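Examination of the molecular architecture
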Amino acid sequence: MFWFFAAILVFAALRVITARNPVHAALFLVLAFCTSAGIWIQLEAEFLGIALVLVYVGAVMVLFLFVVMMLDINLERLREGFWSYLPIGAVVALLLVAEMALVLSGPYFGLDEAPRPASSPAGYSNTKELGRLLYTDYVYPFELAAVILLVAIVAAIALTLRRRKHGKYIDPAMQIKVRREDRVRIVSMPSEKGGNE
Amino acid sequence: MQFITPLWPAYPELFLLVMACVILIADLFISDDNRVFTYGLTQFTLAGCAVLTFFTGNAEPVYTFSGMFVDDLMADALKLLTCLAVITILVYARAYTAVRGMFRGEFFTLALFATLGMMVMISANHLLTLYLGLELLSLSLYAMVALQRDSVQATEAAMKYFVLGALASGMLLYGMSMLYGATGTLEITELAQLSAEGVRAQAVLVFGLVFIVAGLGFKLGAVPFHMWVPDVYQGAPTAVTLFIGSAPKFAAFAIVMRLLAQALGADALVEEWRQMLLIMAVLSLAIGNLAAIMQTNLKRMLAYSTISHMGFLLLGVLSGTIDGYGAGMFYVVVYVLMTLGAFGIILLLSRDGFEAENLDDYKGLNQRSPWHAFLMLLLMFSMAGIPPTVGFYAKLSVLQAVVQIGWWWVAVIAVVFSLIGAFYYLRIVKLMYFDAPQDPAPVTASGDVRALLTVNGLAVLVLGIAPQPLMVLCIEAVRASI
């Protein structure tokens, strides 16, 4: 079962970066999330698995798909220079993969080294345990994560919010308070003599 | 049930966080003309944080938040210096940001959050908090680089910084996951214990170590992970370059110490990372100093000079002795002091619509403002390592540590490259004193900037004449913490 999910996961992850169509890539990412949620559930981390599906697939990826569809990304321009960098990139990548494979194929990784976790007793709540840990032992990193999110909000607003100089935005309060003198300018002009009657 | 015992070691961080949020909200009610109020509040926060750090300091390490947070002498010293450095940065940056429309609440809140990130990193005793602190710092810095939205250069710099920073974080995380796989813990003190006893999966530990060293190399900007440094230094607004180039180096030094010297400080592992650091250090010294010669942009030149300084810092760390770590800490303090001064001068000479970033802008500075030329001379002498400035002593103590472990040839290489490096520092001195000024505008600065620059420049000289107290502090701090 693990191998089945793992194979799908690796395939989907590969397709995410090789698919030509960005929408397909995003959909493959959804598949990757779903299969990794499956693996987590097998490891008896049900809450995390479901949270992954709900949060990432349900919320983040849908938003992502919208953005990808809205943006008209010019792929040709992105691919510029791809072939000229390919040889050196490929050599470095192959070297890295080979070296990593040498270490990772050693005796320390494999199904024997990662046995199934012992089954929990009946009535054991994964979610409750997680919550307990999160608010006791891990309260410090938890709060830090919250601060990071706050910084992300501040940064996003600081970088994107700009008051447009010629915007069409109208403040209703100002609209109501407007007086005649603000809008109408009375110009006194001398009457023209000998004009058309 | 009491979860968090005790809370007092984290008072500086808590105060900083609360005040940052207060400033974030208070700034909404302040009009653009009264922005100086936000500035004052920020400085008050940082000063308060420094005072709290000083009074909650203690010699023995105290662990809190279930062992995720450590308050030891090294953490106290580095946090205090970080607060002081950020205060100095904001004073120098004030006039520069004001004329460029960056004197806004976001600049200050992001600076405060970045400071919080640095303090979290410095006090981390858990790989998770270490990483979260790093992300807090990095995210704030990316945003600060991009704050000048209409500048193409700044946006490009921010993008490069962001992408490469994300890559480095990924490497660091992958390395950390390997450490977790090999030892089953993320706590630094436990990791140290387990790795000293020797774990069965030693190869996995070393594998993780490789990625951690690569990630740290990125964050420090050591060769061959240095590509982002010159572009970001040049592209970012000078006030932000000053920020990136100075205070975060304290935090970077702290995580190098926590990860390499503390968590992976077992003798067998020291042998492993020593080799990697040696390559990075020698390459940084070589490429940093050689590339700096070619630069005509002062910010870019200082970026390459930073790379070479990081090489020196790594030399101190790789000796693997208490003296070596102490020398590394001394070096980082001196480096930050010099960087603050040098960028302070750049900010001083910049005006509305004019960036004093080309070497030619420094021609004849002596005729325009003899005192500032003299301060710059002191700073450049110190960077080049010419006695009696403190830069000489910093380099000397690092070299002593390297010689102590019997690596003469490394010391010789370092000396040769700093001699080469002396050329481009002295070139600035030559431009300032022996060339005619191109830009006759007088140098104007407010009183606080002048006073602080003077203190900063003279500190380089005074510490050079009497380096012993700081050196003792550094060595004691490291001894009490490792």
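Look up: the structure comes first, before these words.
1. A look at the overall build of chain A
When its secondary structure is counted, chain A shows nine helices and zero strands. For chain A, the α and β elements follow one another from N to C terminus as α-α-α-α-α-α-α-α-α. Within chain A, the fraction of its 197 residues that count as buried is 18%. In chain A, once contacts between residues fewer than 6 apart in sequence are set aside, the share between residues at least 24 apart is 59%. About 16000 Å² of surface is accessible on chain A, with carbon and sulfur atoms providing 68% of the total.

2. What to know about the overall build of chain B
For chain B, the helix and strand inventory stands at 20 helices and two strands. Taking 482 residues into account, the globule formula puts the C-alpha radius of gyration at 23 Å, and chain B, at 21 Å, falls close to it. Oriented by its inertia axes, the alpha-carbon framework of chain B measures out at about 70 × 60 × 40 Å. Counting every position in chain B, which comprises 482 residues, the buried fraction comes to 64%. Here the analysis covers contacts within chain B between residues at least 6 apart in sequence; of these, 81% occur between residues at least 24 apart. Accessible surface for chain B amounts to roughly 16400 Å². Of this, 68% is attributable to carbon and sulfur atoms. Within chain B, one finds 22 positive and 29 negative side-chain charges whose respective centroids are separated by 8 Å.

3. Let's talk about unusual backbone geometry
Across the junction of Val223 of chain B and Pro224 of chain B, the peptide omega takes the value 5°, indicating a cis bond. Structurally, the position occupied by Pro224 of chain B is in the loop between α8 (202-220) and α9 (228-235). At the junction of Pro387 of chain B and Pro388 of chain B, the peptide bond is cis and its omega measures out at 5° in the coordinates. With respect to the helices and strands, the residue Pro388 of chain B is situated in the loop between α16 (370-384) and α17 (390-404). Here the phi dihedral of Glu44 of chain A falls at roughly 65°; this positive angle occurs in a residue that is not glycine.

4. Comments concerning the nonpolar core
In summary, soluble globular proteins display a tendency toward joint burial of nonpolar side chains. Residue and element names in this part refer to chain B. Trp273 and Leu315 are the most contacted members of the largest nonpolar core, which totals 204 residues. No other element matches helix α14 (residues 322-349), which puts 20 residues into this core. The contacts of Trp273, once residues within four sequence positions are left out, are Leu209, Val213, Leu260, Ala261, Leu264, Val317, Leu318 and Tyr325.

5. Focus: the packing of helix α6 (residues 152-183) of chain B against α8 of chain B
All names here are of chain B. α8 packs onto α6 with a crossing angle of 155° between their chain directions and a minimal axis gap of 7 Å. Between α6 and α8, the angle falls in the class roughly antiparallel. Considering how the two elements wind past one another, α6 and α8 form a crossing that is left-handed. For the contact of α6 with α8, the residue count by class is 18 nonpolar, six polar and one charged.

6. Looking at the environment of Ala20 of chain B
Residue and element names in this part refer to chain B. Here Ala20 shows up in helix α1 (residues 11-26). Taking relative accessible area as the criterion, Ala20 reaches 1% and is therefore assigned buried. Each C-alpha atom, one on Ala20 and one on Phe108, is 8.6 Å from the other, the two residues being 88 residues apart in sequence. Each residue touching Ala20, except ones within four places of it in the same chain, is listed here: Thr109, Leu112 and Phe113.

7. Some remarks on the interface of chain A and chain B
Facing the 26 residues of chain A at the interface are 36 residues of chain B. Across the interface of chain A and chain B, roughly 2800 Å² is buried in total on both sides, 80% from carbon and sulfur atoms. Considering only the side of chain A, the residues that lose the most area to chain B are Tyr108, Tyr140 and Ile148 of chain A, jointly responsible for 23% of the buried surface there. At the boundary of chain A and chain B, one finds zero salt bridges. Taken together, the elements giving at least two residues each to the side of chain A that touches chain B come down to α5 (82-104) and α7 (139-160) of chain A. Here the side of chain A that touches chain B is composed, by residue class, of 21 nonpolar, two polar and three charged.

8. Quick word on helix α20 (residues 468-481) of chain B
All names here are of chain B. The end-to-end C-alpha distance of α20 is 20 Å, a good match for the 20 Å that 14 residues give at a rise of 1.5 Å each. Taken together, the buried positions of α20 are Leu470, Met471, Cys474, Ile475, Ala477, Val478 and Ser481. Seen end-on, α20 carries its buried residues on one side only, within an arc spanning 155°. Among the structural elements, α3 (73-99), α11 (248-263), α14, α17 and α19 (447-465) are those in contact with the buried residues of α20.

9. Structural notes on the packing of α3 of chain B against helix α10 (residues 238-245) of chain B
Residue and element names in this part refer to chain B. Where α3 meets α10, the closest approach of the two axes is 9 Å, and the angle between their N-to-C directions is 170°. By the angle class used here, α3 and α10 are roughly antiparallel. Relative to α10, the crossing made by α3 is right-handed. The segment α3 lies against α10, with Val86, Ile89, Tyr92, Ala93, Tyr96 and Thr97 engaging Thr238, Ala239, Leu242 and Phe243. Within the contact of α3 with α10, the residues separate by chemical class into eight nonpolar, two polar and no charged.

10. A closer look at a nonpolar patch on the surface
Residues and elements named next belong to chain A. A contiguous nonpolar patch, built from Ile41, Ile50, Leu54, Val55, Tyr56 and Val60 and spanning about 520 Å² of accessible area, is present on the exposed surface. Among the elements that take part in the nonpolar patch, helix α3 (residues 46-70) stands out by supplying five residues, more than any other. Positionally, Tyr56 belongs in helix α3.

11. Some remarks on the side chain of Ser169 of chain B
With respect to the secondary-structure elements, Ser169 of chain B resides in helix α6. Setting aside anything within four residues of it in sequence, one finds Ser169 of chain B in contact with Tyr131, Glu135 and Lys219 of chain B.

12. Comments concerning the packing of aromatic side chains
Within this structure, the stated rule accounts for 25 aromatic pairs over all chains. Measuring from centroid to centroid gives 5.9 Å for Phe4 of chain A and Phe5 of chain A, while their planes differ by 55°, and the two rings are tilted. Of the residues examined, Phe5 of chain A reaches a relative accessible area of 17% and is grouped as buried. Ring centres 5.2 Å apart and planes at 90° place the aromatic pair Tyr142 of chain B and Phe162 of chain B in the edge-to-face group. Of the two residues, Tyr142 of chain B sits in helix α5 (residues 127-145) while Phe162 of chain B sits in helix α6, which places them 20 residues apart along the sequence.

13. Thoughts on the state of the cysteines
Put plainly, a disulfide is one covalent bond tying together the sulfur atoms of two cysteines. Residue and element names in this part refer to chain B. The tally for this structure, following the rule as stated, stands at zero disulfides over all chains. Not engaged in a disulfide, the cysteine Cys83 finds its nearest cysteine sulfur in Cys49; these two sulfurs lie 3.9 Å apart. This cysteine, Cys474, is not joined by any disulfide, and Cys83 carries the nearest cysteine sulfur, 17 Å off. In this structure Cys474 comes out as buried when scored by relative accessible area, which is 1%.

14. Remarks on α19 of chain B
Residue and element names in this part refer to chain B. Here α19 spans 27 Å end to end across 19 residues, near enough to the 27 Å set by a 1.5 Å rise per residue. Approximately 25° is the largest bend angle found in α19, and it occurs at Ala459. Of all the residues in α19, the buried ones are Val449, Leu453, Thr454, Asn456, Gly457, Val460 and Gly464. Elements in contact with the buried residues of α19: α3, α14, α16 and α17.

15. Comments concerning the pattern of salt bridges
All names here are of chain B. Taken as a whole and judged by the stated rule, the model has 16 salt bridges over all chains. For Glu13, the salt bridge identified is with Lys79, shortest N-O distance 2.9 Å. In this pair, Glu13 sits in helix α1 while Lys79 sits in helix α3, placing the two residues 66 residues apart along the sequence. For Glu13, a relative accessible area of 5% corresponds to the buried category. On the basis of relative accessibility, which here comes to 0%, the residue Lys79 falls in the buried class. Residue Arg35 is joined to Asp27 by a salt bridge in which the shortest nitrogen-to-oxygen separation is 2.7 Å. Here the two residues Arg35 and Asp27 agree in accessibility, since each one is buried. When salt bridges with common partners are traced through the structure, they connect Glu156, Lys160, Asp231 and Arg300 into a single cluster.

What counts, and where the lines are drawn
- Throughout this document, residue positions are counted from 1 along each chain, in the order its sequence is written.
- In the order they appear in the text, chains get letters beginning with A and ligands get numbers beginning with 1.
- The predicted nature of this model means local features are confined to residues of pLDDT at least 70 and side-chain atom pairs, given and counted, to a pLDDT of 80 or more, with totals for whole chains, interfaces and linings taken over all residues.
- Side-chain descriptors were evaluated using all non-hydrogen atoms of the structure, hydrogens and water having been removed beforehand.
- Secondary structure elements are taken from DSSP: a helix is a run of H or I of four residues or more, a strand is a run of E of two residues or more, and numbering for both begins at the N terminus.
- With a 1.4 Å probe rolled over the protein chains alone, any residue whose accessible area is under 20% of its type maximum counts as buried; one over 50% counts as exposed, and the rest are partly exposed.
- By definition in these notes, contact holds between two residues if any of their heavy atoms fall within 4.5 Å.
- Using a 1.4 Å probe, the Shrake-Rupley method yields the accessible areas, and only the shown protein chains count as cover for residues.
- Here the globule rule is a power law, 2.2 Å times the number of residues to the power 0.38, and the radius of gyration is based on C-alpha atoms.
- Charge assignment in this entry is limited to Lys and Arg as positive and Asp and Glu as negative, and neither His nor the chain termini are counted.
- Charge placement uses NZ in Lys and CZ in Arg. For Asp and Glu, CG and CD serve respectively.
- Residues belong to a common nonpolar core when they are buried Ala, Val, Leu, Ile, Met, Phe, Trp, Tyr or Cys residues joined through side-chain atoms within 4.5 Å.
- With axes taken as lines fitted to C-alpha atoms, and helix axes fitted only over the stretch in contact, angles between N-to-C directions fall between 0 and 180 degrees.
- Relative orientations are named as follows: roughly parallel for angles under 35 degrees, roughly antiparallel for angles over 145 degrees, roughly perpendicular for angles from 65 to 115 degrees, and oblique for any other angle.
- The sense of a crossing depends on the near helix, which, turned anticlockwise from the far helix by less than a right angle, makes the crossing left-handed and, turned clockwise, makes it right-handed.
- Following the grouping adopted for this structure description, the nonpolar residues are Ala, Val, Leu, Ile, Met, Phe, Trp, Tyr, Cys and Pro, the charged ones are Asp, Glu, Lys and Arg, and the polar ones are all others, Gly among them.
- Defined in terms of a 1.4 Å probe, buried area is the accessible area two parts forfeit on being brought together, summed over both.
- Salt bridges are defined by distance alone: a side-chain nitrogen of Lys or Arg within 4 Å of a carboxyl oxygen of Asp or Glu.
- Under the convention used throughout, the expected extent of a helix is 1.5 Å for every residue step, that is, one less than its residue count.
- It is the directions from the helix axis to the C-beta atoms whose arc is reported.
- Only residues whose relative accessible area exceeds 30% and that form no salt bridge enter a patch; like-charged residues are grouped when within 9 Å of one another, and nonpolar side chains (Val, Leu, Ile, Met, Phe, Trp, Tyr) when within 5 Å.
- Note on aromatic contacts: the rings of Phe and Tyr and the six-membered ring of Trp form a pair at centre separations within 6.5 Å, being stacked when their planes are under 30 degrees apart, edge-to-face when over 60 apart, and tilted otherwise.
- To count as a disulfide, a pair of cysteine sulfur atoms needs to be within 2.5 Å.
- Two axes enter the bend calculation: one fitted to the seven residues ending at the residue in question, the other to the seven starting there, and the bend is the angle between them.

It is worth stressing that arrangement in space is one thing and function is another; only the former is reported here.
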